[in-house]
Amino acid sequence: MMRVIFFSIICLVKISSFSQIEDNLKFDLLNIQTRQQNFAKTSMISLNSWAIANIGYGSIATFHSNGEAKYFHQMNAIWNVVNLGIGIPGIIGAHKKQQPKSLLELNEYQHKLEKVYFINAGLDVAYIATGGILRLAGSNKSLDIKNRLKGYGNSLLMQGGYLLFHDIAMILLYKTNGKLLSKTWSKVTISTYGLNLKVQFH
């Protein structure tokens, strides 16, 4: 009789312990997912704010400027129409309620986000390089073409610089989430026995 009682107590302790570990894991996953969503909101708020400021000021300044400055402001406004077109759907998506994701889903999404921002950073460098090329290309042209190319080139230098700063900042933010995911993975050991899946929490 005593053995049965002792065995029952041991089982209850183990079940309680496993349940607590499972709850802790769910809390960690929810925290990581919330951070991902908050980072997305921050990214889109930054992009939309930059776009609106550039469209507003650039549109006004285009009609009150001459020469190189006119084309600089013109390109700033045009460029950020595209940014706004990306930013508005992005911020709507970032505010949508999400279903809780599993560890595997969060890990996959994390890698996808990092990949996207690394690609974007590469494109940003290309924008900056294009801006420099446009400036150089305008050196031996007629005055109007020179002003246009230099104005557009300066705009690309500034827009590419902002986007590069933005994307690097987002990469660093998401990397902090990557560390949390790695820490969570370290608590889980997955092994297979035939068709069974065993998950052990440390």
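Everything below is about the structure printed above this text.
Residues numbered from 1 in each chain as written. Predicted model: local features only at pLDDT ≥ 70, side-chain atom pairs only at ≥ 80, totals over all residues. Heavy atoms only, no water.

**Overview of the side chain of His166**
Position of His166 relative to the elements: it lies in helix α4 (residues 143-185). Relative accessible area serves as the criterion here: at 8%, His166 is assigned to the buried category. In this structure His166 touches Ser43, Ser46 and Tyr117, once residues within four positions along its chain are discounted. (Helix = DSSP H or I, 4+ residues; strand = E, 2+ residues; numbered from the N terminus. Buried < 20%, exposed > 50% of the residue type's maximum accessible area, 1.4 Å probe, protein only. Contact = heavy atoms within 4.5 Å.)

**Brief notes about the nonpolar core**
Judged by nonpolar contacts, Met44, Leu47, Tyr71, Met75, Trp79, Tyr152, Leu156, Tyr162 and Leu163 together constitute the single largest core of nine residues. Breaking this core down by element, the ones donating at least two residues are α1 (2-62), α2 (67-94) and α4. Setting aside residues no more than four positions away along its own chain, Leu156 makes contact with Trp79, Tyr127, Ile128, Thr130, Gly131, Leu134 and Gly161. (Core = buried A, V, L, I, M, F, W, Y, C linked by side-chain atoms within 4.5 Å.)

**Quick look at the packing of aromatic side chains**
Applying the stated criterion across every chain yields a total of five aromatic pairs. Ring plane angle 90 degrees and centroid distance 5.4 Å describe the contact between Phe39 and Tyr174, whose orientation is recorded as edge-to-face. Here Phe39 is found in helix α1, whereas its partner Tyr174 is found in helix α4, with 135 residues between them in sequence. Owing to a relative accessible area of 11%, Phe39 belongs among the buried residues under this scheme. A centroid spacing of 4.2 Å and a plane angle of 10 degrees characterise the contact between Trp50 and Tyr162, whose relative ring orientation is stacked. Here Trp50 is found in helix α1, whereas its partner Tyr162 is found in helix α4, with 112 residues between them in sequence. Overall, Trp50 belongs to the partly exposed group, its relative accessible area being 23%. Pairwise contacts between aromatic rings join Phe39, Tyr117 and Tyr174 into one cluster. Across the ring face of Tyr71, the terminal group of Lys70 is positioned such that the distance to the ring centre comes to 5.9 Å. (Phe/Tyr/Trp six-rings, centres within 6.5 Å; stacked < 30°, edge-to-face > 60°. Lys NZ or Arg CZ within 6 Å of the ring centre and 35° of its normal.)

**Digging into the environment of Pro89**
Here Pro89 is to be found in helix α2. Under the relative-accessibility criterion, Pro89 is labelled partly exposed at 48%. The spatial distance from the C-alpha of Pro89 to the C-alpha of Met44 is 9.1 Å, given a sequence separation of 45 residues.

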